[in-house]
Every structure is written in C-alpha cells, then in structure tokens.
Amino acid sequence: MRSSSVVNPFFANSVHASKNLQTVLRQPVFAKLPRIPINGSPVPHLTSLYHNTDAGEYGRRSYPGNCGGNLIKDLLMYFRPRLVLDPMTGSGTCQDVCRELRVPCRAGDIHEGFDATSMDAMTALAGQDPVDFVWAHPPYWRQKLYATDERDLSRTGTLEAFLARYEAFIRAATGVLVPGGRLAILMGDYSDRDAGFVPLVYHTKRLAFEAGLRQCCTDIIRFSHGATSGRKVYRSSFIPGLHDVCMIFERSRV
Ligand SMILES: C[S@@+](CC[C@H](N)C(=O)[O-])C[C@H]1O[C@@H](n2cnc3c(N)ncnc32)[C@H](O)[C@@H]1O
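Computed from a predicted model, the values in this text were never measured in an experiment. Note on numbering: residues in each chain are counted from 1, in written sequence order. With the structure being a predicted model, the display of local features is reserved for residues of pLDDT at least 70 and the display and counting of side-chain atom pairs for 80 or more, all residues being used for whole-chain, interface and lining totals.

(A) Here's a closer look at the environment of Thr-93. Tracing the backbone through its elements, the reader meets Thr-93 in helix α4 (residues 93-101). Each C-alpha atom of the pair Thr-93 and Gly-56 lies 9.5 Å from the other, and the pair is 37 residues apart in sequence. Note on contacts: each residue gets a C-beta atom placed from the backbone, and two residues are in contact if those atoms are within 7 Å. Apart from the residues lying within four places of it in its own chain, the contact partners of Thr-93 are Tyr-58, Gly-59, Asn-66, Cys-67, Gly-69 and Ile-72. Starting at the N terminus, helices and strands are each numbered in turn, a helix being any DSSP run of H or I of at least four residues and a strand any DSSP run of E of at least two.

Structure, rendered in structure tokens:
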C-alpha cells in the first residue's frame, strides 16, 4: 500500500496555482498521434484528429469565432461538391476557400439580414441550382455574441429557444440539399455558470438525425489552436475543453 504521505506534487502545486505550474502549462505539449491507415482518400492527412496550427489566408482572424480555412479546404477536396452554401459566413472564410478551389459558393449572414433559420431565405440563397454541400459554423449558443439582430442564434435567451432555432436551421439546410448532399457543421460544447455544461455536439447530432440526416463519416475533432480562452487564467477548477467537432451529415439518396 502507498503511504498516505505520498502526494501527487502536480496536484499539490495546482492547488496553490504556483507560478511554476502556470509556466509549465503554458508550454506546448507534443502528443504522438496514431498511425494513419493507408487508404484511397484524396486527402490522406484528413483524419478524425484535426490539429493543423495554420489557419490559412482565409476570412479574417480578428473576426470573433473565425475558424481558419484549412479544414474547410480539406473537406471540399475530399467531398468535391459542385455548389457550396455558407449560410453563417462571418468573415467569409468558406467563401475564400471556395474562391481558391474554384468551387461556386453562395453565402449569407445575419449581419447582412440573412436568417439561416428561415426555409424561405435558405431556398432563395440556393436559387435554382442543386446544392450538394452546406458548410455551417453556427454560434456555440451565447459563447460569443455576434449581431444585434434578435434573430442571431447567439442572442437567444434560453437553451430551449436556441435549440428550437438551431433545429429550424438544420431543417432548412436539409431542405435545400439534393439527395446525397452533405451538411457539415462545426460545433463546440458550451458551459457557463448559469447553464452548466451544455453538450451542443450531442444536440447537433440529435437534431440532424431527427431531421432525417445520417452521419456519413467520423467526427472530426478539431484542436482549438489559438483559442482566446487558452490565454486566460481562471480561479475555478474545471476540465478544459480544447477542441470542437466537425460532423458531416448526408441527406438520404432516395
Ligand atoms: C462562429 S461565427 C462564423 C465564423 C466564420 N466561420 C468565420 O470563419 O469567420 C457564427 C456566425 O453565425 C452568424 N449567425 C448567427 N445567427 C445567424 C442566423 N440566424 N442566420 C445567419 N447567420 C447567423 C453570426 O453573425 C456569425 O457570423
């Protein structure tokens, strides 16, 4: 048996939140990733673990919630869509990637009065042409506030109201997809003092499945390199979430 006097020095230090420990935690950590199985993918480095530290020259990094463009680029090179919809475009990251890859893209945002939760608005954005890929990076509920427009998903006062509007968006996006078309959603779990931990990734899947979509490949766990929360010091104790999740759903082919 271990002596009760043997304590974990890491824990002991963390209790006192020593300057030394804070310095250690600020160092980059290198993890050995599993080997990638050789396969016929046109984008072999695209796996369930997305750890690219380079955001690429897409969109505006200063835009709140900017997601970097390389994941979008990899997805488009993998799925090779003919027409992309980007209905929560923010600083235009997805549009910039599409421009580079020469894939037609139609985009909107609540900042321009475009409401992605409206089926009519989504249908108008799609136009007459068949949409085979929708890229969506919605607000992680109220983690960041975007527009002053009350239709902004980040402005919904309760979780129930957010989920109802999020469901309307998922159904509207599903409605504009051709059979076999894909809806890619980048979402992160959220927590705050009032709501506690809110599993938004779970809710995304639940709402997508209820809308008749199926998930067509692995979750892509995107490491949150460059997140502003990584530079903060908190007095409270919690297990930091260092990722968000990209889920790709497919509309039935029949
Ligand atoms: C996470 S940000 C997207 C950032 C973007 N991926 C980028 O790299 O710049 C979420 C965006 O959703 C927009 N948004 C929120 N509610 C919306 C709605 N109902 N319809 C359309 N856009 C909405 C916000 O204005 C914000 O730009």
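(B) Broad picture of the confidence of the model for the protein. Scored by pLDDT, the protein has a mean of 92; 93% of the residues are at 70 or more. Segment residues 1-7: pLDDT under 50, and one contact once partners within four positions in sequence are set aside and those in other chains are kept. The predictor rates its confidence in each residue with pLDDT, a number between 0 and 100. Scored below 50 in pLDDT, residues 9-13 shows four contacts in the model against residues more than four places distant or in partner chains.

(C) Geometry of the packing of helix α5 (residues 119-126) against helix α6 (residues 159-176). With their axes 9 Å apart at the nearest point, α5 and α6 run at an angle of 35° to one another. α6 is crossed by α5, and the crossing has right-handed handedness. Within the contact between the two elements, α5 uses Met-119, Met-122, Thr-123 and Ala-126 and α6 uses Ala-172, Ala-173, Gly-175 and Val-176. Class assignment for the residues of the contact of α5 with α6 results in six nonpolar, two polar and no charged. Note on geometry: axes are lines fitted to C-alpha atoms, helical ones only across the stretch in contact, with angles between N-to-C directions running from 0 to 180 degrees. Two helices cross in a left-handed way if the nearer one is turned anticlockwise from the farther one by less than a right angle. They cross in a right-handed way if the turn is clockwise. Note on residue categories: nonpolar means Ala, Val, Leu, Ile, Met, Phe, Trp, Tyr, Cys or Pro, charged means Asp, Glu, Lys or Arg, and polar means any other residue, Gly included.

(D) Structural detail: the pairing of strand β9 (residues 220-223). Residues Ile-220 and Arg-222 of β9 are buried on one face, while the alternating residues Ile-221 and Phe-223, pointing to the opposite face, are not. Taken together, the two bridges between strand β1 (residues 49-50) and β9 define a ladder with parallel strand orientation. Bridge pairing in β9 places Tyr-50 opposite Arg-222. Any residue with 12 or fewer other C-beta atoms within 10 Å of its own C-beta is exposed, any with 20 or more is buried, and the rest are partly exposed; the C-beta atoms used are placed from the backbone. For two strands to be treated as a pair, DSSP must find at least two bridges joining them.

(E) Region of the structure containing the packing of α6 against helix α7 (residues 200-210). Between α6 and α7, whose axes approach to 10 Å, the crossing angle comes to 50°. The pairing of α6 with α7 is recorded here as oblique in orientation. Here α6 and α7 pass one another in a crossing that is right-handed. Residues Leu-163, Tyr-166, Glu-167 and Ile-170 of α6 lie in contact with α7, whose contacting residues are His-203, Leu-207 and Ala-208. Taken together, the residues of the contact of α6 with α7 break down into five nonpolar, one polar and one charged. Geometric relationships in this document are graded by angle, where less than 35 degrees denotes roughly parallel, more than 145 denotes roughly antiparallel, 65 to 115 denotes roughly perpendicular, and other angles denote oblique.

(F) How the structure looks around the nonpolar core. Note on definitions: a nonpolar core is a set of buried residues drawn from Ala, Val, Leu, Ile, Met, Phe, Trp, Tyr and Cys, linked by C-beta atoms within 7 Å. Residues Val-134, Ala-173 and Leu-183 are the most contacted members of the largest nonpolar core, which totals 52 residues. Looking at this core, the element that brings in the most residues is α6, giving seven residues.

(G) Structural view of unusual backbone geometry. A positive phi angle, near 60°, is found at Arg-102, a position not held by glycine. Inspection of the secondary structure puts Arg-102 in the loop between α4 and β3 (105-107). Of note in this structure, Trp-141 is not a glycine but carries a positive phi near 50°. With respect to the helices and strands, the residue Trp-141 is situated in the loop between β4 (131-136) and α6. Taking the C-beta count within 10 Å as the criterion, Trp-141 has 26 such neighbours and is therefore assigned buried.

(H) Region of interest: the environment of Tyr-140. Tracing the chain through its elements places Tyr-140 in the loop between β4 and α6. Taking the C-alpha atoms as reference points, Tyr-140 and Leu-25, separated by 115 residues in sequence, lie 26 Å from one another.

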